[in-house]
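Structure assessment
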Amino acid sequence: MTQCFKNQASSYAEEDPFLHKIIDTPQDLQNSIKITNQQNSQVSSVAVTTNDPQKSAAAANAIARVFKGNIKKIMSVNNVTIASHAAVPETPSFPNVKLFALGGAVLGLLLSAIYLIIKEMMDTTINDDEFMTSELGLTNLGHIDHFHMEHQFKAIRNRNSNNQAERRV
């Protein structure tokens, strides 16, 4: 019944002038609707997806109205009722902002971890003396520590009696 309903939907746009105003072509209508049946039930639900939520609700209501009128021609059924009319949703169904934010955070962490791993693997600096002596087999001739200068560093020049300049740090 669901497939029959979906196949008939393209002809509904020509039958209902209101539906023809909402959706341009029958092919667009067929692509934008989703009809599902509850298992072991004759209850069908119609979902219409468009760019405008008001258009989607109006199209779903029009399709249900036209289907209710045409079901007598298709099947010998007289007691078709519309259980609930489509309403305009309060929040958009797509995009899911929380899901995209979580996905972006996970992707950012993954890319930063990959970047750090590649950066560490490509680092060719010698960080300690043990690597130089054990891995490279070189002899350590000396070690120069890094020292920090104060931000008030001043070079003082003294001239002694022999006209030679001295520099103290």
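In this text the structure is predicted, and so the values were computed from the model without any measurement.

A look at the pairing of strand β1 (residues 33-37)
- Relative to strand β2 (residues 44-48), β1 is paired through 5 bridges, and the arrangement is antiparallel. Of the residues in β2, the one forming a bridge with K34 is A47.
- Connecting β1 to the next strand, β2, in antiparallel fashion are 6 residues, including N40 with a positive phi near 55°.

Side note on the confidence of the model for the chain
- Counting all residues, the mean pLDDT for the chain is 78, and 73% of those residues have values of 70 or more.
- Model confidence for the chain, summarised as mean pLDDT per element, is weakest for strand β4 (residues 165-168) at 55 and strongest for helix α5 (residues 97-122) at 96.

Describing the environment of D128
- Along the chain, D128 falls in the loop between α5 and α6 (129-135).
- A relative accessible area of 39% means that D128 is categorised as partly exposed.
- Remark: the alpha-carbon pair of D128 and H143, spanning 15 residues in sequence, is separated by 9.8 Å.

Notes on α5
- A rise of 1.5 Å per residue sets the reference length of α5, with its 26 residues, at 38 Å; its end C-alpha atoms lie 37 Å apart and thus fit the reference within 8%.
- Burial analysis of α5 places just 0 of its 26 residues in the buried class, which makes it a mostly uncovered element.

Focus on the nonpolar core
- Core analysis: the largest hydrophobic core is formed by 7 residues, namely L29, I33, I35, V48, A59, A60 and I63.
- When contributions to this core are tallied by element, the ones reaching two or more residues are β1 and α4 (53-74).

Overview of the environment of H85
- Note that H85 resides in the loop between α4 and α5.
- Considering only alpha carbons, one finds H85 and A58, 27 residues apart in sequence, at a separation of 9.3 Å.

Some words on the side chain of S56
- If you trace the backbone, S56 turns up in helix α4.
- Residues within four places of S56 in sequence aside, it is in contact with V48, T49 and T50.

So, how was this worked out
- Residues numbered from 1 in each chain as written.
- Predicted model: local features only at pLDDT ≥ 70, side-chain atom pairs only at ≥ 80, totals over all residues.
- Heavy atoms only, no water.
- Pairing = 2+ DSSP bridges.
- Helix = DSSP H or I, 4+ residues; strand = E, 2+ residues; numbered from the N terminus.
- pLDDT = per-residue confidence, 0-100.
- Buried < 20%, exposed > 50% of the residue type's maximum accessible area, 1.4 Å probe, protein only.
- Expected span 1.5 Å × (residues − 1).
- Core = buried A, V, L, I, M, F, W, Y, C linked by side-chain atoms within 4.5 Å.
- Contact = heavy atoms within 4.5 Å.

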